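# Per-entry structural report
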Amino acid sequence: MSFRDLRNFTEMMRALGYPRHISMENFRAPNFGLVSEVLLWLVKRYEPHTDIPSDVETEQDRVFFIKAIAQFMATKAHIKLNTKKLYQADGYAVKELLKITSVLYNAMKTKGMEDSKIGEEDISKFKFDLGSKIADLKAARQLASEITSKGASLYDLLGKEVELRELRTEAIARPLEINETEKVMRIAIKEILVQVQKTKDLLNNVASDEANLEAKIEKRKLELERNRKRLQTLQSVRPAFMDEYEKIEEELQKQYDIYLEKFRNLTYLEQQLEDHRRMEQERFEEAENTLRLMQNKLKEEEKRLLKSG
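Rules used in this analysis
- All residue numbers refer to positions counted from 1 along the written sequence of the respective chain.
- Thresholds applied to this predicted model are a pLDDT of at least 70 for local features of residues and 80 or more for the giving and counting of side-chain atom pairs; totals over whole chains, interfaces and linings are not thresholded and use all residues.
- Side-chain figures throughout are based on the complete set of non-hydrogen atoms in the structure, without hydrogens or water.
- Segments assigned H or I by DSSP are reported as helices when at least four residues long, segments assigned E as strands when at least two residues long, and all are numbered from the N terminus.
- Just to be clear, the radius of gyration here is over C-alpha atoms, and the globule rule we use is 2.2 Å times residues to the power 0.38.
- Note on classification: 1.4 Å probe, protein chains only; a residue is buried when its accessible area is under 20% of the maximum for its type, exposed when over 50%, partly exposed between these limits.
- Contacts are residue-level and defined by heavy atoms, with any inter-residue pair within 4.5 Å sufficient.
- Working definition of accessibility: Shrake-Rupley area with a 1.4 Å probe, residue cover restricted to the visible protein chains.
- The charge count includes Lys and Arg as positive and Asp and Glu as negative, but it does not include His or the ends of the chains.
- Positions of charges follow a simple convention, taking NZ of Lys, CZ of Arg, CG of Asp or CD of Glu.
- Any pair of Phe, Tyr and Trp rings, taking the six-membered ring for Trp, is counted once the centres come within 6.5 Å. Such a pair is stacked with planes under 30 degrees apart, edge-to-face with planes over 60 apart, and tilted for the rest.
- For helices, the axis comes from a line fit to the C-alpha atoms of the stretch in contact; other axes are also lines fit to C-alpha atoms, and the angle between any two N-to-C directions lies between 0 and 180 degrees.
- An angle below 35 degrees is read as roughly parallel, one above 145 as roughly antiparallel, one from 65 to 115 as roughly perpendicular, and any other as oblique.
- Handedness of a helix crossing follows the sense of rotation of the near helix relative to the far helix, less than a right angle counterclockwise being left-handed and clockwise being right-handed.

### Section: the overall build of the protein
- Tallying secondary structure elements over the protein gives 10 helices and 0 strands in all.
- Element order for the protein, N to C, with α for helix and β for strand: α-α-α-α-α-α-α-α-α-α.
- Taking 19 Å as the expected radius of gyration for a compact globule of 309 residues, we find that the protein reaches 48 Å, considerably beyond that expectation.
- Expressed as lengths along the three principal axes of its C-alpha atoms, the size of the protein is roughly 160 × 90 × 40 Å.
- Within the protein, the proportion of its 309 residues that are buried is 17%.
- Counting only contacts in the protein whose residues sit at least 6 apart along the sequence, the fraction spanning at least 24 positions is 57%.
- Summed over its atoms, the accessible surface of the protein is roughly 25,600 Å², and 56% of this surface lies on carbon and sulfur atoms.
- Taken together, the 55 basic and 55 acidic charged side chains of the protein have centroids lying 5 Å from each other.

### What about the packing of aromatic side chains?
- Within this structure, the stated rule accounts for 5 aromatic pairs.
- Considering the side-chain rings of Tyr46 and Phe72, the 6.4 Å spacing of their centres and the 90 degrees angle between planes classify their relative orientation as edge-to-face. Taken together, the residues Tyr46 in helix α2 (residues 32-46) and Phe72 in helix α3 (residues 59-76) connect sequence positions 26 residues apart.
- Phe72 gets classed as buried once you look at its relative accessible area, which sits at 9%.

### Comments concerning the packing of helix α1 (residues 3-16) against α2
- Between α1 and α2, the least distance of the axes is 13 Å, while the angle of their chain directions is 50 degrees. As summarised for this structure, α1 and α2 are arranged oblique, according to the angle between their axes. In terms of crossing hand, the pair formed by α1 and α2 is left-handed. The residues of α2 that touch α1, namely those facing Phe9, Met13 and Leu16, are Val38, Trp41, Leu42 and Arg45.

Listed below in structure tokens is the structure:
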């Protein structure tokens, strides 16, 4: 990346009317978000009606986005882009972006020179519409390709006209044979009758298949109805062990309540014991500190008495 390329790119984007401010520091580090936004804006400026997905959240979406942009510019504008440099989204991507911006900038500059000759009053009446010019260019290219293909096919057909003329003259001059025509018609009628018979057989098979399916559906319905009745019967019957189960469940609930009460009491007593131990420890430390202070005072008093004696 050169300083001149980056400066030219920022100035061209500003001249083209890019809404955001692009500084030279944006491309010191990879910035794929800004590169994707600039690419999408340039493509929309080149072809307003193009449809390119703008989702670049995942790595696969980014690769697909870069490939779509490169393919679009190669087919529509004949601009070859380096996808690897674009994916880097750093200073090397500026050179690839500069290829697109230079085309748009030169087109706008050429249009501006033409409009400047009209005058200041006419400039306010006309607007530069690159999309319509590109659409006209596309239509002209398509018509040119169609004319070329049609001309080539017409040339080939005219080259075969000599042989076809002889064959056509022989076919017209040949007398019409009734027997051969009748034979061909009979063969065609037989083939049509065979096809009709095949179609009838297929229809008959469809009818038999439909009857079989209806029989199977009816059988399934009967099985479903029997299963529903059986389910209702099972739901209405109370199991023999249900009373014992309910008694055991009530007893289990009582035992669980007793367990919760004892557990709460045990937790409370442990907390009280911990508080008591902590208070005893504090008292012991306080008494020890008091005793140490008294010992220090006695030693100081003894020293003072010795010095004074």
